[in-house]
Amino acid sequence: MTHVDTAKTGQGGPAGTGTGAPAARTGRTRVRRAVRALSGPGPWRRGPVTTGLALVLGLLMTAHARITGRGGFGSLVETFLPWFGLGVPVLLAVAFRRRSASAVVALLLPAVVWLNLFGGLLADRTRPGGDLTVVSHNVGAGNTDPAGTARALAASGADVLALEEIADRARGTYEKELAPAYPHHTVLGTVGLWSKLPLSDAGPVDIQQDVGPLGATKTAAEKLPDTRALRATVATGRGPLAVYVAHLGSVRVTPRSGFGTGHRDRNAKALAEAVAAERNERVVLLGDFNGTLDDRAFDALTSRLHSAQDEAGDGFGFTWPAAFPVARIDQVLVRGVEPKRAWLLPETGSDHLPVAAAIGW
């Protein structure tokens, strides 16, 4: 019979006795192998293209405000900036497939930048309360059911309702359908304001919609049909509230000018100047901006007014196109009042979703 020296083999005595040294050697071996794997030509040299794309993505989001505005490229990037975050999981999957340690580390940059820019929007920021509910909706000039749209908006219970892109043929329908719920209203050009509370001082806001030599020769009456912005005072139980309704110029994509934002940017600048001159401390701006608030074109506005969606919404609140929203171009901005809740209303016959907000004093 062969004698086995259990003291040397470590297989005798209590469980685990005598296995410490071999186990320690095995652990050190594994550490050395890991260090060699990471410091060698393997994972850190794999996936250079993925690593480069990760860094470019991070730098693009970090320095988006410095991207050239030529051809509207900077505006285009900023319009869809939140969607750049999708590049992180896509590149991460590629990095794991390629077993690229450098790409995984590089992806920390865009991930951190995106969370810094938009991470706060992932949480529910709504709060209870609110003294006044406001709703804004680009009803769409091609809306085939203005009566149904009007009834849906009235059913929202909004105290103040702003409409943009009101077609001439549909104006009477909106006025008729909204009259029972809103005894006070004003329509100027293609924008209108309906209110359960008294309105006063209603008038157009010059957002330089019609400029140039021909525009300069037109009278106010001649320009009125094309008005796309108005201001009125709403008499609330807490004092007067200045309400602006605006529909800024459309963005056009053409082979010659690219992502053309000239008209919209001019409108945004003029609107910001009007708001800056507003004497009322309490202001609400409602409308279709044809751009997101990440766009540099609205810096002058967002430096004076705050987004109700950013402060009291739940998620990004994308509004356009209604069938599959990818951008929030319809806004509720405030000053001197506190947003309590911000939300979207159901789809109507328009290609935009209505936006709503409850504000308090």
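Residues numbered from 1 in each chain as written. Predicted model: local features only at pLDDT ≥ 70, side-chain atom pairs only at ≥ 80, totals over all residues. Heavy atoms only, no water.

Quick look at the overall build of the protein now. Each helix and strand in the protein was counted, giving 14 helices and 14 strands. Relative to its 361 residues, the protein shows a buried fraction of 44%. (Helix = DSSP H or I, 4+ residues; strand = E, 2+ residues; numbered from the N terminus. Buried < 20%, exposed > 50% of the residue type's maximum accessible area, 1.4 Å probe, protein only.)

Approximately 420 Å³ is the volume attributed to the largest pocket. Phe118, Leu121, Leu293, Asp294 and Asp310 are, among the 23 residues lining the largest pocket, the residues nearest its centre. Looking at the lining of the largest pocket, the elements with two or more residues in it are helix 4 (73-79), helix 7 (108-118) and helix 14 (308-312). Approximately 340 Å³ is the volume attributed to the second largest pocket. Among the residues forming the lining of the second largest pocket, the class breakdown is seven nonpolar, seven polar and five charged. (1 Å grid on protein atoms, 1.4 Å probe; cavity = no way out; pocket = protein on both sides within 12 Å on 5 of 7 lines; lining within 4 Å. Points joined across faces, edges and corners; volume = space filled by probe spheres on them. Nonpolar A, V, L, I, M, F, W, Y, C, P; charged D, E, K, R; others polar.)

A complete count under the given rule lists nine salt bridges for this structure. Residues Arg127 and Glu338 are paired through a salt bridge, measuring 3.5 Å at the closest nitrogen-oxygen approach. One end of the pair, Arg127, is in the loop between helix 7 and strand 1 (132-138); the other, Glu338, is in strand 13 (residues 338-344), and 211 residues separate them in sequence. Accessibility expressed as a relative area gives 30% for Arg127, which makes it partly exposed. The salt bridge involving Glu278 is made with Arg231; its shortest N-O contact spans 2.7 Å. With Glu278 in the loop between helix 12 (262-276) and strand 10 (283-288) and Arg231 in strand 6 (residues 229-236), this residue pair connects regions lying 47 residues apart in the sequence. Through salt bridges with shared partners, a single ionic network connects Arg127, Glu338 and Lys340. (Salt bridge = Lys/Arg side-chain N within 4 Å of Asp/Glu carboxyl O.)

The complete set of buried residues in helix 9 (residues 168-178) reads Ala170, Tyr174 and Leu178. In an axial view of helix 9, the angular spread of the buried residues amounts to 60°, which keeps them on one side of the axis. The outward face of helix 9, more than 90 degrees from its buried face, is lined by the exposed residues Asp168, Arg169 and Lys176. Each element contacted by the buried residues of helix 9 is listed here: helix 8 (146-155), strand 2 (160-164) and strand 4 (191-195). (Arc of directions from axis to C-beta. Contact = heavy atoms within 4.5 Å.)

A word on the packing of helix 3 (residues 48-62) against helix 7. Axis separation between helix 3 and helix 7 bottoms out at 8 Å; the angle between their running directions is 25°. Considering the angle they form, helix 3 stands roughly parallel to helix 7. Helix 3 and helix 7 meet at a crossing whose hand is left-handed. Here Ala54, Leu55, Leu57, Gly58, Leu59, Met61 and Thr62 of helix 3 lie close against helix 7, whose contacting residues are Leu109, Pro110, Val113, Trp114 and Leu117. Class assignment for the residues of the contact of helix 3 with helix 7 results in 10 nonpolar, two polar and no charged. (Axes fitted to C-alpha atoms, helices over the stretch in contact; angles between N-to-C directions. Parallel < 35°, antiparallel > 145°, perpendicular 65-115°, else oblique. Left-handed = near helix turned anticlockwise from the far one by under 90°.)

Turning our attention to the sheet that holds strand 7 (residues 239-247). If you walk across this open sheet you meet the six strands as 5-6-7-10-12-11, and the pairing is mixed. One side of each edge strand has no neighbouring strand; the edge strands of this open sheet are strand 5 (199-204) and strand 11 (306-307). Inspection of the sheet shows strand 5 paired to strand 6 by four bridges, in the antiparallel sense. Within the sheet, the bridge partner assigned to Pro204 lies in strand 6 and is Leu230. Sheet contacts for helix 12: strand 7, strand 10 and strand 12 (330-335); angle to strand 7, the most-contacted strand, approximately 175°. (Pairing = 2+ DSSP bridges.)

Spatially, 3-4-2-1-14-13 is the arrangement adopted by the six strands of the open sheet, whose pairing is mixed. Each edge of the open sheet is held by one strand with a lone partner, namely strand 3 (184-188) and strand 13. Strand-to-strand twist of the sheet, defined as the mean angle between neighbouring strand axes without regard to direction, takes the value 15°. Across six bridges, strand 13 lies against strand 14 (residues 355-360) in antiparallel orientation.

Attention now goes to unusual backbone geometry. Residue Trp320 is joined to Pro321 through a cis peptide bond whose omega torsion reads -15°. By secondary structure assignment, the location of Pro321 is in the loop between helix 14 and strand 12. Backbone geometry at Gln208 places phi at a positive 55°, although glycine is not the residue there. Structurally, Gln208 is set in the loop between strand 5 and helix 10 (212-217). A relative accessible area of 31% places Gln208 in the partly exposed class. Located in the positive-phi region is Asn290, a residue other than glycine, with phi close to 50°. Tracing the sequence through the fold places Asn290 in the loop between strand 10 and helix 13 (299-302).

Judged by nonpolar contacts, the single largest core of 23 residues is most densely connected at Val134, Leu193, Leu241, Val284, Leu286, Val332 and Ile359. Looking at this core, the elements that each hand over two or more residues are strand 1, strand 2, strand 4, strand 6, strand 7, strand 10, strand 12 and strand 14. With residues up to four places along the chain from it excluded, the contact list for Leu193 reads Val160, Leu161, Ala162, His184, His185, Thr186, Leu199, Leu230, Ala232, Val243 and Val245. The next biggest cluster of nonpolar side chains, apart from the first, holds 20 residues, and it includes Leu248, Leu293, Phe298 and Leu333. (Core = buried A, V, L, I, M, F, W, Y, C linked by side-chain atoms within 4.5 Å.)

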